[in-house]
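As a plain string of letters, each chain reads:
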Amino acid sequence: MRELIDHTEGINRLLARYGVKFGLYKNGTFHEQLFPFDAIPRVISHEQFLYLEKGLIQRVNALNLFLEDVYGEKKIIRDGVVPEEFVFSSSGYLPECEGMTPPKKIHSHISGIDLVLGKDGDWYILEDNLRIPSGASYPMIAREICRQASPETFRNNPIVDNRNYAKLLQEVMEYVNTGGVPVIMTPGRYNAAYFEHSYLAERTDSELAMCTDLFVEDNYLYFRDYRGKKQQVGVIYRRISDEYLDPMTFLPESLIGVPGIMDVYRSGHVAIVNAPGNGVADDKGIYYFVPKMVKYYLGEEPILKNAPTYLPFYEEDRKYVLDNLEKLVVKDVAEAGGYGVIFGNELSREKLAEMKQLIEKESRRFIAQEVIDFQDMSIMEGDEPVPRKADLRAFVLSGEKTKVWASGLTRFSRNPDSFVVNSSQGGGFKDTWVLSR
Amino acid sequence: MGIISLEKLDHLYWLGRYTERVYTTLRNFFKIYDCLIESPEGAYRGYCERLNIPDIYTSNKQFVYSYLFEGENPDSLLSNMNRAYDNAIVLREEISSKVLSYIQLALDTIEAGKSTTAPVFDLQPVLDYLLAFWGCADDYVEMEDCRNIMKCGKYVERLDLYIRLNYNMKDIEKEFNKLVHRIQKTHMCYNMDNLDRLTEMMNRKADWKTEYQEALCYLGGIIEVR
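So, how was this worked out
- Residues numbered from 1 in each chain as written.
- Chains lettered and ligands numbered in written order.
- Predicted model: local features only at pLDDT ≥ 70, side-chain atom pairs only at ≥ 80, totals over all residues.
- Helix = DSSP H or I, 4+ residues; strand = E, 2+ residues; numbered from the N terminus.
- Rg over C-alpha atoms; globule rule 2.2 N^0.38 Å.
- Buried ≥ 20, exposed ≤ 12 C-beta atoms within 10 Å, placed from the backbone.
- Contact = placed C-beta atoms within 7 Å.
- Nonpolar A, V, L, I, M, F, W, Y, C, P; charged D, E, K, R; others polar.
- Pairing = 2+ DSSP bridges.
- Axes fitted to C-alpha atoms, helices over the stretch in contact; angles between N-to-C directions.
- Parallel < 35°, antiparallel > 145°, perpendicular 65-115°, else oblique.
- Left-handed = near helix turned anticlockwise from the far one by under 90°.
- pLDDT = per-residue confidence, 0-100.
- Domains from an automatic or database assignment.
- Core = buried A, V, L, I, M, F, W, Y, C linked by C-beta atoms within 7 Å.

### Comments concerning the overall build of chain A
Stage number 1. When its secondary structure is counted, chain A shows 14 helices and 21 strands.
Stage number 2. Taken over the C-alpha trace, chain A has a radius of gyration of 22 Å; the compact-globule value for 437 residues is 22 Å, and the two agree within 12%.
Stage number 3. Along the longest, intermediate and shortest principal axes, the C-alpha atoms of chain A span 60 × 55 × 45 Å.
Stage number 4. Expressed as a percentage of its 437 residues, the buried residues of chain A come to 48%.
Stage number 5. Restricting to contacts in chain A with at least 6 residues of sequence separation, those with at least 24 account for 70%.

### So, the interface of chain B and chain A
Stage number 1. Of the residues lining the interface, 18 residues belong to chain B; the matching set on chain A comes to 22 residues.
Stage number 2. Of all elements in the fold, only α1 (6-36) and α5 (92-112) of chain B reach the threshold of two or more residues within the side of chain B that touches chain A.
Stage number 3. If you tally residues by element for the side of chain B that touches chain A, the top one is α5 of chain B, at eight residues.
Stage number 4. Looking at side-chain class alone, the side of chain B that touches chain A contains nine nonpolar, six polar and three charged residues.

### Some words on the pairing of strand β2 (residues 29-34) of chain A
Residues and elements named next belong to chain A.
Stage number 1. By the criterion of burial, β2 is predominantly exposed, with just zero of the six residues buried.
Stage number 2. Strand direction decides the pairing type here: strand β1 (residues 21-26) and β2, joined by six bridges, are antiparallel. What sits directly across from lysine 21, in β2, is leucine 34.
Stage number 3. Hairpin geometry of β1 and β2 is characterised by an intervening segment of two residues between the two adjacent antiparallel strands and by a positive phi of about 50 degrees at asparagine 27.

### Considering the packing of helix α4 (residues 77-88) of chain B against α5 of chain B
Residue and element names in this part refer to chain B.
Stage number 1. Viewed as axis vectors pointing N to C, α4 and α5 meet at an angle of 160 degrees, and their least axial separation amounts to 10 Å. Put simply, α4 runs roughly antiparallel to α5. The chirality of how α4 crosses α5 is left-handed. For the pair formed by α4 and α5, the contact residues are Leu77, Leu78, Met81, Asn82, Ala84, Tyr85 and Ala88 on the first element and Ile95, Leu100, Ile103, Ala106, Leu107 and Ile110 on the second.
Stage number 2. Residue composition of the contact of α4 with α5, grouped by class: twelve nonpolar, one polar and no charged.

### Observations concerning the sheet that holds strand β14 (residues 328-332) of chain A
All names here are of chain A.
Stage number 1. On the basis of which strands lie adjacent, the open sheet formed by four strands has the order β13-β16-β14-β15 and antiparallel pairing. Among the strands making up the open sheet, the edge pair consists of β13 (309-310) and β15 (341-343).
Stage number 2. Here β14 pairs with β15 via three bridges, running antiparallel. Bridge pairing in β15 places valine 330 opposite isoleucine 342.

### Observations regarding the confidence of the model for chain B
Residue and element names in this part refer to chain B.
Stage number 1. For chain B, mean pLDDT is 93; residues scoring 70 or higher make up 99% of the total.
Stage number 2. Looking over chain B, one finds the lowest element-wise mean pLDDT in helix α10 (residues 208-220), namely 89, and the highest in α4, namely 97.
Stage number 3. Per the prediction output, this complex has pTM 0.88; the corresponding ipTM is 0.76.

### Considerations on the environment of tyrosine 124 of chain A
All names here are of chain A.
Stage number 1. Structurally, tyrosine 124 is set in strand β5 (residues 123-129).
Stage number 2. The exposure class assigned to tyrosine 124 is buried, which follows from the 20 C-beta atoms found within 10 Å.
Stage number 3. In the structure, tyrosine 124 is positioned 16 residues away from serine 108 in sequence and 21 Å away in space, judged by C-alpha atoms.
Stage number 4. Sequence-distant contacts of tyrosine 124, defined by excluding residues within four places in its chain, comprise Leu115, Val116, Gly118, Lys305, Asn306, Ala307 and Ile372.

### Observations concerning the pairing of strand β9 (residues 220-224) of chain A
Residues and elements named next belong to chain A.
Stage number 1. Pairing of strand β8 (residues 214-217) with β9, which is carried by four bridges, proceeds in the antiparallel orientation. By the bridge assignment, phenylalanine 215 is partnered in β9 with tyrosine 222.
Stage number 2. Turn length for the β8-β9 hairpin, with the two strands adjacent in sequence and antiparallel, is two residues, and the turn residue aspartate 218 shows positive phi of about 50 degrees.
Stage number 3. With three bridges joining them, β9 and strand β10 (residues 230-238) adopt antiparallel strand pairing. Bridge pairing in β10 links tyrosine 222 to glutamine 232.
Stage number 4. Counting the residues that bridge the hairpin from β9 to β10 gives five residues, and of these glycine 228 lies at a positive phi of roughly 90 degrees.

### Structural notes on helix α9 (residues 194-204) of chain A
Stage number 1. With eleven of its eleven residues buried, α9 of chain A lies for the most part within the structure.
Stage number 2. Burial in α9 of chain A covers these residues: Tyr194, Phe195, Glu196, His197, Ser198, Tyr199, Leu200, Ala201, Glu202, Arg203 and Thr204 of chain A.
Stage number 3. Each element contacted by the buried residues of α9 of chain A is listed here: β1, α6 (137-149), α8 (165-176), β6 (181-185) and β7 (207-209) of chain A together with α5 of chain B.
Stage number 4. One or two residues past the end of α9 of chain A sits aspartate 205 of chain A, with phi positive at roughly 60 degrees.

### Concerning the domain arrangement of chain A
Residues and elements named next belong to chain A.
Stage number 1. Each domain of chain A was delimited in the assignment, giving domain 1 (2-301 + 374-434) and domain 2 (308-370).
Stage number 2. Centre-to-centre separation of domain 1 and domain 2, based on C-alpha positions: 27 Å.
Stage number 3. Contacts between domain 1 and domain 2 engage twelve residues on the former and ten residues on the latter.
Stage number 4. Broken down by element, the side of domain 1 that touches domain 2 gets its largest block of residues, three residues, from helix α11 (residues 284-287).
Stage number 5. When the residues that make up the side of domain 1 that touches domain 2 are grouped by side-chain class, the tally is three nonpolar, six polar and three charged.

### Thoughts on the environment of proline 54 of chain B
Residue and element names in this part refer to chain B.
Stage number 1. Here proline 54 is to be found in the loop between α2 (45-51) and α3 (60-69).
Stage number 2. Its 11 C-beta neighbours within 10 Å are what place proline 54 among the exposed residues.
Stage number 3. Measuring from C-alpha to C-alpha, the distance between proline 54 and valine 156 comes to 22 Å, with 102 residues separating the pair along the chain.

### Some details on the nonpolar core
All names here are of chain A.
Stage number 1. One finds Phe66 and Ile236 to be the most contacted residues of the largest nonpolar core, which totals 188 residues.
Stage number 2. Counting contributing residues per domain, this core is built from domain 1 (2-301 + 374-434) and domain 2 (308-370), each supplying no fewer than three.
Stage number 3. Once residues lying within four places of it in the same chain are set aside, the contact partners of isoleucine 236 are Val183, Met185, Leu221, Val270, Ile272 and Val273.
Stage number 4. Of all hydrophobic cores here, the second largest spans five residues; its members include Met377, Ile379, Ala390 and Phe412.

### Structural notes on the packing of helix α2 (residues 8-17) of chain A against α6 of chain A
Residues and elements named next belong to chain A.
Stage number 1. In contact at an axis separation of 10 Å, α2 and α6 are set at 135 degrees when each is read in the N-to-C sense. When the axes of α2 and α6 are compared, the pair comes out oblique. Two packed elements cross with a definite hand, and for α2 against α6 that hand is right-handed. Of the residues in α6, those touching α2 at Gly10, Ile11, Leu14 and Leu15 are Ile141, Ala142, Ile145, Cys146 and Ala149.
Stage number 2. Of the residues in the contact of α2 with α6, the class split is eight nonpolar, one polar and no charged.

So, in structure tokens, the structure goes:
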């Protein structure tokens, strides 16, 4: 392992060479930024992974059933398990998807579940990402380079090879393919995750398409080549948000998207990965109800725990939140990427009062959570290891079976005082090793 | 992988052109850099005229810096390399990460060279990376159409520069033959009239010093991309 860590600079140099970057907009200008890699891995034991795998499969299966139900029969609402206010007022709920069943009834093909390891040794789920979770490409390419940097490390440790992510993704896309070429649709190179779009297209042998390359004809989706020939598209792994997918269905003023694609999807002539409308299930407000969904749909006790969460929407919870705000973390359900996260202990007395007023006024807009005292991980700062906060994004792929990728994206904060690990806020990443025994 | 969209065709063609622009102009710059050692101020002007780029420079020294490294100067080596990068970055799955990495290395080398006192030393690897880029493209760009389109861009650009810079007839003819051969292998639309006129100029050994603008006009219109 020491040998691997000694090669940190060289590994980062190669990551730069291969363009492993993410995009950021600062003051209205686009910048590409390297994603700093720390060579000390997160190590997940074999037993721990088996536990996580079971819990994650359970959770994602329940979430998929919830999505099928909520856009269909709505039994969970009728049975009073999830209040309708939380479903229909969610910005992720799309009435346009009502009654739609995606191919093979899979809504969330690629789920990015964010977890942290508490100091008590328990894993806690922080959030579910069921729309277009990104990040798998970084540990994939980092592993490739780490193996070159220190073959001994990988020879002497029983580490599960994580370079099968592209194959898992291909299998999922193939399983739901309605008959045609597989396409990864990107909004373009100025998207924050463009590296990932192009890298996954390369690794999965998919076409990387911009919206303008695709068109709908006779209720089928086609990719047009430069000679004017068209090829039917059977599955599209879209990396653009729901609202920009189809201007005929969602935002008529949008210049991106493929006009008519939702009709093709509705007719079952193309699979969209992940299905539109998933935002209702990864809404921070709905997160509270996921353990209840597990019990409701699967009749099982949830294996993985949520972070203790309060919904100010409920009077009892609201009272607790207002009384204890200074020790809680408050999240705006409409925000993502580490934005809209407010730690009560960092607020001045005035700001605390303002926040309380806002919570009272817009109780549906926020959730509050106990601050999980999660385990620090070591990162190298110069020649010294220093402790930093880190989370884990686990990737769960749902095709013929639901599978957990034996790796994940471990993100860490480079700021010693921060819990925010997002790359857009200066965080770095680590490889995640799962041990095979 | 296997479909080339119109958008990608455009990027492949211009990737070929910009990489070649950087490669040939840098090779020429190395010669000029040597000449500037003993030449009077303003000795770069003829070069600018020949390339038809505006003379925005105030001294030989400022020319060297600005022409190589100034991102705001649209004719600089850095600007042209950035354009090559802009076209390459959207072609990862067509050209592969391996091939793309040489563009990244060339760009990083120019960026890193900004503070150099010996540009010929520090920019030499740019030529090496671009040669590696083309060698690697032959090995790793799986679709023949992609390679052909990139190479069409490369030969159009090379011919354009050779004609502007008054290379000898033998070199120009050689590059022209490569272009014709490559065009015929692609399925791109091309302008047959322009190709015929250029062929006629080649056959009668046109005087490039006086006829270069006409030749460039035909050359610029051969390939019909945006």
